[in-house]
Amino acid sequence: MEIGILIISVPFIIFAIILSKGKGASILAGYNTMSDSEKAQYDEVALCKFIGKIMYGISFSIIIFAVSEMLENQVLFIIGLILFLTLIIFMLVYSNKRDRFKKIND
């Protein structure tokens, strides 16, 4: 089971690396379904970098889940769960409050 959880974290880390370089916006749900005119309104690099950082955190929390399973330590699982939920809530609030990733037109 622990190995399965660690294997699940690999794609998250790969996506985090791609996104943190400012590339790979096409793998972001919602963004890739926008029309070209809607996409032009957003700072794609800033959005990708932000989601990349969140993906690193999610990957870390998944690894904590696996380590807690290996060590049979419930406290680590709770720490990983709190980190995971905190990241998700932060991401939702931060990205949806105001127009954080919209381009500023001068």
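Residues numbered from 1 in each chain as written. Predicted model: local features only at pLDDT ≥ 70, side-chain atom pairs only at ≥ 80, totals over all residues. Heavy atoms only, no water.

A. Summary view of the nonpolar core. Counting 19 residues, the largest nonpolar core has Leu 19, Leu 28, Leu 47, Phe 50, Ile 51 and Ile 54 as the members making the most contacts within it. Mapped onto this core, the elements with two or more residues apiece are helix H1 (2-20), helix H3 (44-71) and helix H4 (74-96). The biggest single contributor to this core is H3, with 10 residues. If near-sequence neighbours (up to four positions away) are discounted, Ile 51 is found in contact with Leu 19, Leu 28 and Met 91. (Core = buried A, V, L, I, M, F, W, Y, C linked by side-chain atoms within 4.5 Å. Buried < 20%, exposed > 50% of the residue type's maximum accessible area, 1.4 Å probe, protein only. Helix = DSSP H or I, 4+ residues; strand = E, 2+ residues; numbered from the N terminus. Contact = heavy atoms within 4.5 Å.)

B. Region of the structure containing the packing of aromatic side chains. Scanning all chains against the criterion turns up 7 aromatic pairs. Look at Phe 50 and Phe 90: their rings are 6.2 Å apart centre to centre, the planes differ by 55 degrees, and that puts the pair in the tilted class. You can see Phe 50 sitting in helix H3 and its partner Phe 90 sitting in helix H4, a full 40 residues away along the chain. For Phe 50, a relative accessible area of 11% translates into the label buried. (Phe/Tyr/Trp six-rings, centres within 6.5 Å; stacked < 30°, edge-to-face > 60°.)

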